[in-house]
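Fold and geometry: a report
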Amino acid sequence: MIQTLIVAFLIYQMIDGRDPRVLTMGIIVISLYAISGFTTYLLNKEWIMTLGVFERIRERRRMAMAAAVAEKYKGIDLFETPEAREIPTAHYRCGNESCYSSNEADKMYWIASPPLSPNWYCVRCTEAMRDMDKSDRLNLDVFLTVLDYEAGQIDKK
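The structure reproduced in this document is the subject of the present report. (Residues numbered from 1 in each chain as written. Predicted model: local features only at pLDDT ≥ 70, side-chain atom pairs only at ≥ 80, totals over all residues. Heavy atoms only, no water.)

The next subject is the side chain of N139. Locating N139 in the fold gives a position in the loop between α4 (123-128) and α5 (140-156). Of the polar contacts made by the side chain of N139, one reaches the backbone oxygen of M108; its length is 3.4 Å. Engagement of the side chain of N139 in a polar contact is seen with the backbone nitrogen of D141, the distance being 2.8 Å. (Helix = DSSP H or I, 4+ residues; strand = E, 2+ residues; numbered from the N terminus. Polar contact = N/O pair within 3.5 Å; in protein donor to acceptor, adjacent residues only side chain to side chain.)

See below:
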């Protein structure tokens, strides 16, 4: 950090200065700075590559663990397990700053018309907007379902 500040100051002095000693010292310091950076890279290159190898090993272990879990629950609807039933339903906050309601995804709709900024809004705020029928608006539950399907299709590729 300090070296970088010194180099930046010397470059400024070289551009602004009229003293040939500053120019010579600046060229020497910048050259030494470049050489030290290159040397540091060469000395640490092996260490950086070792980190990459360890990360690949960890990723393989994660994939093996995921495959084992998938095999354990193969053919079982995970939403029917007791653990899944205990997970609380997600609630989303209305995008209207004056509305403090929090609703499930099937009661949230996308509004992108003035005076409201584009965001997800609750049923009450959606009904206040008369420019479009609620059934014509994008529902958050439908959006999340489609998003999940698209993510599954991408994962299959």
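Still more to cover.
This part covers the pattern of salt bridges. Taken as a whole and assessed by the stated rule, the structure comprises one salt bridge. With its nearest N and O atoms 2.7 Å apart, the salt bridge here joins E59 to R62. You can see E59 and its partner R62 sitting in helix α2 (residues 20-72), three residues apart, about one turn around the helix. Classification of R62 by relative accessible area gives partly exposed; the value is 42%. (Salt bridge = Lys/Arg side-chain N within 4 Å of Asp/Glu carboxyl O. Buried < 20%, exposed > 50% of the residue type's maximum accessible area, 1.4 Å probe, protein only.)

As a further point, take the nonpolar core. Counting twelve residues, the largest nonpolar core consists of C94, C99, A105, M108, I111, L116, W120, Y121, C122, C125, M129 and L140. The element that contributes the greatest number of residues to this core is strand β4 (residues 119-122), accounting for three residues. Leaving out residues up to four positions away in the same chain, L140 has contacts with Y92, A105, M108 and W120. (Core = buried A, V, L, I, M, F, W, Y, C linked by side-chain atoms within 4.5 Å. Contact = heavy atoms within 4.5 Å.)

Our focus in this paragraph is the environment of I6. Among the structural elements, I6 can be located in helix α1 (residues 2-16). Since its relative accessible area comes to 43%, I6 is described here as partly exposed.

It is worth spelling out a nonpolar patch on the surface at this point. On the surface, W110, L138, V142, F143, L144, V146 and L147 cluster together into a nonpolar patch covering about 560 Å² of accessible area. The greatest single-element share of the nonpolar patch, amounting to five residues, is contributed by α5. Looking at where L138 falls in the secondary structure, it is placed in the loop between α4 and α5. The partly exposed category is assigned to L138, whose relative accessible area is 38%. (Patch = residues over 30% accessible without salt bridge, like charges linked within 9 Å, V, L, I, M, F, W, Y side chains within 5 Å. Areas by Shrake-Rupley, 256 points an atom, 1.4 Å probe, with all protein chains shown as cover.)

As far as function goes, none of this settles anything; it's purely spatial.
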